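# Observations on the model geometry
Residues per chain are reported as follows:
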Amino acid sequence: VQLQAFGGGLVQAGGSLRLSCAASGRTFSSYGMGWFRQAPGKEREFVAAITRVDFNTYYAESVKGRFTISRDNTKNTVYLQMNSLKPEDTAVYYCAATRLLVARSLSDYDTWGQGTLVTVSS
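Just so it is clear, the structure is predicted and the values come from calculations on it, not from any experiment.

As a further point, take a nonpolar patch on the surface. On the surface, V53, L101 and V102 cluster together into a nonpolar patch covering about 230 Å² of accessible area. With respect to the secondary-structure elements, V53 resides in the loop between β5 (45–50) and β6 (57–59).

Below, the structure is given as structure tokens:
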């Protein structure tokens, strides 16, 4: 599977953005999907994940209650709805795919899309 993320941009604090990640190939439903982010000078970190079975979701504590991950297997797309954005959410956001049932670590994911930049101004 190949991944392409888009939807980033500049938004004021308190605003919202929705990121999308489109997957090529016919096996999208076989993959668990995740979103990660990397702020300038920091390591890439887990944001959210959704399983391939039952669509269970998992979130980092820093985004819980503000971000929502979802997927549409008919469109081969995973989404990240981001609300109540804060300046500390500024980062390059990456989508990734895993064959594991539940995955929240970078090393669990073997396919990555290019990043999309989200900038939140104060």
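Moving on: the pairing of strand β4 (residues 32–38). β4 sits mainly inside the fold: six of its seven residues count as buried. Relative to strand β9 (residues 91–98), β4 is paired through seven bridges, and the arrangement is antiparallel. Residue pairing across strands places Q38 opposite V92, the latter belonging to β9. As defined by bridge partners, β4 adjoins β5 across five bridges and the pair is classed as antiparallel.

Time to look at unusual backbone geometry. Positive phi values are uncommon outside glycine, yet D54 reaches one of about 70 degrees. Note on placement: D54 falls in the loop between β5 and β6. The exposure class assigned to D54 is exposed, which follows from its relative accessible area of 63%. One non-glycine residue, N76, adopts positive backbone phi at about 55 degrees. Summarising the element assignment, N76 is placed in the loop between β7 (67–72) and β8 (77–82). Exposure remark for N76: the relative accessible area of 19% places this residue in the buried category.

What follows concerns the side chain of R66. Summarising the element assignment, R66 is placed in the loop between β6 and β7. At 2.7 Å, the side chain of R66 and the side chain of D89 are in polar contact. Leave out the neighbours within four places in its chain, and R66 touches Q81, M82, N83, S84, L85, K86 and D89.

Thresholds applied
- Each chain carries its own residue numbering, running from 1 in the direction its sequence is written.
- Given that this is a predicted model, residues contribute local features only at a pLDDT of at least 70 and side-chain atom pairs are listed and counted only at 80 or more, while totals for whole chains, interfaces and linings are drawn from all residues.
- Based on all heavy atoms of the structure, the side-chain values leave hydrogens and waters out of the count.
- Here the term patch refers to residues with relative accessible area over 30% and no salt bridge, with like charges joined within 9 Å and nonpolar side chains (Val, Leu, Ile, Met, Phe, Trp, Tyr) within 5 Å.
- Exposure was quantified through the Shrake-Rupley algorithm and a 1.4 Å probe, taking into account, for residues, occlusion by the shown protein chains and nothing else.
- The rule for a salt bridge is simple: a side-chain nitrogen of Lys or Arg has to be within 4 Å of a carboxyl oxygen of Asp or Glu.
- Secondary structure counts use DSSP, requiring at least four H or I residues in a row for a helix and at least two E residues in a row for a strand, with both numbered from the N terminus.
- Per-residue accessibility, obtained with a 1.4 Å probe over protein chains only, is compared with the maximum for each type, and a residue is labelled buried under 20%, exposed over 50%, and partly exposed between these values.
- In this analysis, strands are considered paired if DSSP registers two or more bridges between them.
- Pairing of N or O atoms within 3.5 Å defines a polar contact, subject to two protein rules: one partner must be a possible hydrogen donor and the other a possible acceptor, and residues neighboring in sequence count only if both atoms are side-chain atoms.
- By definition in these notes, contact holds between two residues if any of their heavy atoms fall within 4.5 Å.

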